[in-house]
Amino acid sequence: MSDDPSYDPLRPHVHEPNPTPPNQDSAFDLILPDSSRLRSAASMLHTLTRSYVPGCYIVSTGHGTSGPFVFEGFALLDYLKSQLNSLDSLSNVEVVSADGFGARITMDELNNPTEAGLILLADTVNGRPITRNEGLVRLIVPGEKDDALRQVKWIAHITAKE
Ligand SMILES: Nc1nc2c(c(=O)[nH]1)N[C@H]1C(S)=C(S)[C@@H](COP(=O)(O)O)O[C@H]1N2
Ligand SMILES: [Mo]
């Protein structure tokens, strides 16, 4: 752990991307402020409206930029609204994979999307399913250009923080 008070392990600055899924289970848990857990699989969220973001690039460490991709899935904000009675007390959500890689998304970001598009829990790319190897279920933060450090593959849990 760093002594630097601005250090946030969910905003790493250097990272060698992991190419291999930590396991084959693409379901994830939502952890609420009272520590209760709700299990979700993208395929189970039938009632949610799907969203998509065209023109997405993954600006990767080591192997350059790939894309443009059309990612589709659920807007993270819509997902949270579907699972919680109220989002009023939340300040941010942590989206973390089973290999310990994560990103922190603020409610401010979710409520004020950039013109690059909505932050997604993506399960399809270019009209076909994202494979587990490719990161299913994968967080897509459109417009992020910081070496793909927020494009979390293999989401294992999402923690809603007050
Ligand atoms: N779970 C997880 N997600 C991750 C990473 C990782 O190591 N683990 N690496 C990130 C980084 S640094 C990069 S460059 C991209 C690589 O994505 P790609 O394998 O689709 O090119 O994944 C991002 N998402
Ligand atoms: Mo990266």
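Rules behind the numbers
- Residues numbered from 1 in each chain as written.
- Chains lettered and ligands numbered in written order.
- Predicted model: local features only at pLDDT ≥ 70, side-chain atom pairs only at ≥ 80, totals over all residues.
- Heavy atoms only, no water.
- Buried < 20%, exposed > 50% of the residue type's maximum accessible area, 1.4 Å probe, protein only.
- Helix = DSSP H or I, 4+ residues; strand = E, 2+ residues; numbered from the N terminus.
- Pairing = 2+ DSSP bridges.
- Polar contact = N/O pair within 3.5 Å; in protein donor to acceptor, adjacent residues only side chain to side chain.
- Contact = heavy atoms within 4.5 Å.
- Near = heavy atom within 4 Å.
- Areas by Shrake-Rupley, 256 points an atom, 1.4 Å probe, with all protein chains shown as cover.
- Nonpolar A, V, L, I, M, F, W, Y, C, P; charged D, E, K, R; others polar.
- Core = buried A, V, L, I, M, F, W, Y, C linked by side-chain atoms within 4.5 Å.

(A) Geometry of the pairing of strand 5 (residues 92–97). With six of six residues buried, strand 5 is to be regarded as a mostly interior element. Residues of strand 5 alternate between two faces, with Asn-92, Glu-94 and Val-96 on one and Val-93, Val-95 and Ser-97 on the opposite face, all of them buried. The pairing of strand 5 with strand 6 (residues 102–106) spans five bridges and is classified as antiparallel. When the bridges of strand 6 are listed, Val-96 appears paired with Gly-102.

(B) Here's a closer look at the side chain of Gln-151. Within the secondary structure layout, Gln-151 lies in the loop between strand 9 (138–140) and strand 10 (155–161). Since its relative accessible area comes to 4%, Gln-151 is described here as buried. Reaching out from Gln-151, the side chain makes a polar contact with the backbone nitrogen of Val-141 at a distance of 3.0 Å. When sequence neighbours within four positions are dropped, the list of residues in contact with Gln-151 reads Ile-58, Arg-138, Leu-139, Ile-140, Val-141 and Glu-144.

(C) View of the site of ligand 1. Close to ligand 1 lie 17 residues, the nearest being His-15, Asn-18, Arg-138, Gln-151 and Lys-153. Between ligand 1 and the protein, one listed contact pairs an oxygen atom with a side-chain N or O atom of Lys-153 at 2.7 Å. Starting from 530 Å² of accessible surface for ligand 1 in isolation, the protein chains cover 91%. Considering only residue class, the shell around ligand 1 consists of six nonpolar, seven polar and four charged.

(D) Representation of the pairing of strand 7 (residues 120–125) in the model. In terms of burial, strand 7 is largely enclosed, as six of its six residues are buried. Both strand 4 (residues 64–75) and strand 7 contribute to a ladder of five bridges, which runs antiparallel. Looking across to strand 7, one finds that Phe-71 is bridged to Val-125. The pairing of strand 7 with strand 9 spans three bridges and is antiparallel. In the strand pairing of strand 9, Ala-122 is matched with Arg-138.

(E) Layout of the nonpolar core. Membership of the largest hydrophobic core comes to 41 residues, with the highest contact counts inside it found for Leu-76, Tyr-79, Leu-139 and Ile-158. Every residue in contact with Leu-76, bar those within four places of it in the chain, is listed here: Val-93, Val-95, Ile-105, Leu-110, Ile-119, Leu-120, Leu-121, Leu-139 and Ile-158.

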